[in-house]
Amino acid sequence: MCGIIGVIGTGQAAPLVLDGLRRLEYRGYDSAGIATLVNGHIERRRAEGKLVNLADALSQKPLAGTIGIGHTRWATHGAPTEVNAHPHGTARVAVVHNGIIENHAELRAELEAKGQVFTTETDTETVAQLVDLFLQNGLEPIAAASAAFARLEGAYALALIFAGHPELIIGVQRGAPLAIGFGEEAMYLGSDAMALAPLTRRIAYLEDGDWVVLSRQSAAFFNRDDQPVKREIKLTNLTGAAIGKGNFRHFMEKELHEHPVVIGDVLHKMIDQSSKMLVLPEFPFALESISRITISACGSAFYAGLTGRFWLESLAGIAADADVASEFRYRAPPLDANGLGLLVSQSGETADTLAALRYMKSRSQKVLSILNVPESSMARESDAILETIAGPEIGVASTKAFTAQLTVLAVLALGIARARGALTDTQIAALTDALLEIPAKAAQILINDAPIRALAARIAEARDVLYLGRGACFPIALEGALKLKETSYIHAEAYAAGELKHGPIALIDKAMPVIAIAPSGPLFEKTASNLQEAAARGGQIIVFSDAAGAAKLEKIAAETIIIPDIDPFAAPILYAIPVQMLAYHVAILKGTDVDQPRNLAKSVTVE
Ligand code: M6R
């Protein structure tokens, strides 16, 4: 989603800002722009589409100046055109914005009535026009910005520069994050520390409600009540090295190939390899005293959470609920006094998941988050975190972060089972053994990808695809359908296999591929019966199973993808991999923008 960067230094700002925008590209965007001060005047270059277009615009008409702000825009209000691209502004002020100004229509009407002339359809321009009016009324930039922030409603982060003030950037965080970087004779501001990593390792994070006044040498922080506050400078471990694709064509392909290493790293961290004992951190709450677990997340992270719920209930015997974060808090669910809130997020910035976290905290839950970005907003607001240590995930479609989330959840479920005495040490050791088999089997799947590529050719022809699964593999069916939709734009739905006969079976005809995630295990026979029902109605049955399962379904399967044998407990993690690979290969055949599919953002920072 939108990315913000700001630079004040002694050298040319525009190249640094453009570089920072490149590091924010992964968030997803459809236009971009930069503003600097040239001899005290605001100058802008903006372009529709990818950063290469902005780079072209800059090479044709370079931007001088030692102060600049830049933006990658994921359109919310107004089409992704050059006119609507940020920075927005007037002759007095330029603004970049991530989030939504909810009261923009009302502000716009008020400002137009006072003579301000708008040139775009964006909510962001209301910020520029509001600040501009305060400046015209005689306020200095800092006072004008603060007065404007007090009028804005919504969840947003902003950065502003002012004509005639070559040493001033003002930033604000209200619901969307901002990081401040401290350099030598230079200060920076960015949507995340990753954007700033090549510039400095010294980072301070705004707390929600904060705003900051940057000069070339300092940062002054203020809270929501305009009181001066101190924010700690931390040394980030993020590397400034460019994140590349290696020898792969796409980030998604590279990240798919990282599954074995990432799963192995998580297991290595959470399981003592010699004793097979679980290694969980000291939590600031006792696992055995938790009465109920409430899981919330979005998209793939939610599907990981659904699988986690299955493990928590069936192995640890603890009551667990799971809900998509965009719905969760609006139900105002009552939560147990000794409840644990469990959030799952790759980015740690997803607005709905963050809001769910805050709701849980407001209802006295202890909050544990499973995160891939330990320097994220959710990390800062949680009581404890478990890191998925998957490394930066750049492809918009989540791959390795998903299996890392599943792996962390599997070990956590075993840890809670141990704390509650729901499983014996011997049972836990057998289950950890099953997990430890995953990396090698994942590598086998990645190496022997020919059957998946062949299947992709069939799926690429389909208009609609059904995915079926049961138990802990139902969320993997959901993951398969989501991955196919988002990367290849083919309509896909997932159902718990037993639900088929309650409606979706009406969709089945000869043109409908029905993909079953069906490892051998306690639920295999039930899934097999459901597949028989689909086959009897002419559906093209495609089976993801082990050799024994595939043999049993041989008569009805149009195609079979054989997955190495695995214990049913670990199967969801292993089966997620071929399901994601299928989506990738279909997308390649469809010729879509695999790493940045249309309309999508990596980090969804609006509700
Ligand atoms: O950063 P998060 O894990 O919180 O993101 C959640 C979803 O936006 C994300 O999983 C999304 O569904 C992916 N595009 C799925 O591939």
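Calculation notes
Every residue gets a number counted from 1 within its own chain, in the order that chain's sequence is written. The model is predicted, so local features are restricted to residues of pLDDT at least 70 and side-chain atom pairs to those at 80 or more, both for listing and for counting; the totals for chains, interfaces and linings are taken over all residues. Heavy atoms throughout the structure, all of them, feed into the side-chain values; hydrogens and water do not. We call a residue near a given molecule or strand whenever any one of its heavy atoms falls within 4 Å of it. Counting of polar contacts relies on pairs of N or O atoms within 3.5 Å, with two restrictions inside protein: one atom must be capable of donating a hydrogen and the other of accepting it, and residues adjacent in sequence are counted only when both atoms are side-chain atoms. All accessibility values rest on the Shrake-Rupley procedure with a 1.4 Å probe; residue burial counts only the protein chains present in the view. We count a stretch as a helix when DSSP gives it H or I for four or more residues in a row; a strand needs E for two or more, and each element gets its number in order from the N terminus. Amino acid classes used here: Ala, Val, Leu, Ile, Met, Phe, Trp, Tyr, Cys and Pro are nonpolar; Asp, Glu, Lys and Arg are charged; the rest, including Gly, are polar. Throughout the structure description, domain borders are defined by an automatic or database domain assignment. In this analysis, strands are considered paired if DSSP registers two or more bridges between them. Geometry is summarised by axes, namely lines fitted to C-alpha atoms with helices restricted to the contacting stretch, and by angles between N-to-C directions that run from 0 to 180 degrees. Only heavy atoms enter the contact rule, under which two residues are in contact if any of them lie within 4.5 Å. Buried area, as used here, totals the accessible surface that two parts lose on assembly, with accessibility defined by a 1.4 Å probe and the loss added over both. One speaks of a salt bridge when a side-chain nitrogen belonging to Lys or Arg is within 4 Å of a carboxyl oxygen belonging to Asp or Glu. As used here, the term nonpolar core means buried Ala, Val, Leu, Ile, Met, Phe, Trp, Tyr and Cys residues forming a set that is joined through side-chain atoms within 4.5 Å. Here the term buried applies to any residue with accessible area under 20% of the maximum for its type, exposed to any over 50%, and partly exposed to those in between, with areas from a 1.4 Å probe on protein chains only.

1. Some thoughts on the site of the ligand
The immediate surroundings of the ligand are formed by 14 residues, with Ser345, Gln346, Ser347, Thr350 and Glu486 found nearest. Here Thr350 contributes a side-chain N or O atom positioned 2.4 Å from an oxygen atom of the ligand. Here Val396 contributes a backbone N or O atom positioned 3.2 Å from a nitrogen atom of the ligand. Relative to its unbound accessible area of 410 Å², the ligand is 91% covered by the protein chains. Counting residues per element, the ones that place at least two in the shell around the ligand are α9 (299-316) and α17 (474-488). For the shell around the ligand, the per-class residue count stands at 5 nonpolar, 7 polar and 2 charged. Each of two domains, domain 2 (248-436) and domain 3 (438-607), supplies a minimum of three residues to the shell around the ligand.

2. Here's the deal with the sheet that holds strand β21 (residues 464-469)
Across the sheet, 5 strands lie side by side as β22-β21-β23-β24-β25; this open sheet has parallel pairing. The sheet is open, and its two borders are formed by β22 (491-496) and β25 (557-562), each paired with just one other strand. Each strand of the sheet is rotated relative to its neighbour by a mean of 20°, with strand direction disregarded. The sheet contact formed by β21 and strand β23 (residues 513-517) spans 4 bridges and is parallel.

3. Describing the domain arrangement of the protein
What the domain assignment reports for the protein is domain 1 (3-244), domain 2 (248-436) and domain 3 (438-607). Of note, the centres of domain 2 and domain 3, computed from C-alpha atoms alone, are 23 Å apart. If you look at the interface, domain 2 gives 46 residues, while domain 3 gives 39 residues. Summing the contributions of domain 2 and of domain 3, the shared interface buries around 3,500 Å²; its carbon and sulfur component is 69%. On the domain 2 side of the interface with domain 3, the three residues burying the most area are Met252, Tyr303 and Val396, jointly 18% of the side's total. Summed over the shared surface of domain 2 and domain 3, the result is 1 salt bridge.

4. Describing the pairing of strand β11 (residues 202-205)
Alignment of strand β9 (residues 179-182) against β11, held across 3 bridges, turns out to be antiparallel. Within the sheet, the bridge partner assigned to Ala179 lies in β11 and is Tyr205. As paired strands, β11 and strand β15 (residues 234-235) are joined by 2 bridges and run antiparallel to one another. Within the sheet, the bridge partner assigned to Arg202 lies in β15 and is Leu235.

5. As for the nonpolar core
In this structure, Ile293, Trp311, Leu435, Tyr467, Phe544 and Leu582 are the most contacted members of the largest nonpolar core, which totals 100 residues. Per-domain counts for this core show at least three residues from each of domain 2 (248-436) and domain 3 (438-607). In this view, Leu435 contacts Leu267, Ile271, Ala410, Val411, Leu414, Phe569, Ala570 and Ile573; residues no more than four positions away in its chain are not counted.

6. Description of the sheet that holds strand β20 (residues 384-387)
Either a parallel or an antiparallel arrangement is found when strands of a sheet pair, and the pairing is made through backbone hydrogen bonds. Strand order across the open sheet formed by 5 strands is β17-β16-β18-β19-β20, with parallel pairing between neighbours. Bordering the open sheet on either side are β17 (319-324) and β20, each of which pairs with just one other strand. Taken over all neighbouring pairs, the strand axes of this sheet differ in orientation by 20° on average, direction set aside. Bridge count for strand β16 (residues 292-297) against β17 is 6 bridges, and the pairing is parallel. Its bridge partner being in β17, Ile293 is matched across the sheet by Ala320. Lying over the sheet, helix α11 (residues 351-362) contacts β16, β18 (339-345) and β19 (366-371), oriented at roughly 170° with respect to β18.

7. Describing the pattern of salt bridges
Applying the stated rule across the entire model yields 27 salt bridges. Between Glu43 and Arg45 there is a salt bridge, and its shortest N-O distance comes to 3.5 Å. Residue classification places Glu43 among the partly exposed residues on the basis of a relative accessible area of 31%. With a shortest N-O distance of 2.3 Å, Arg331 and Asp323 are connected by a salt bridge.

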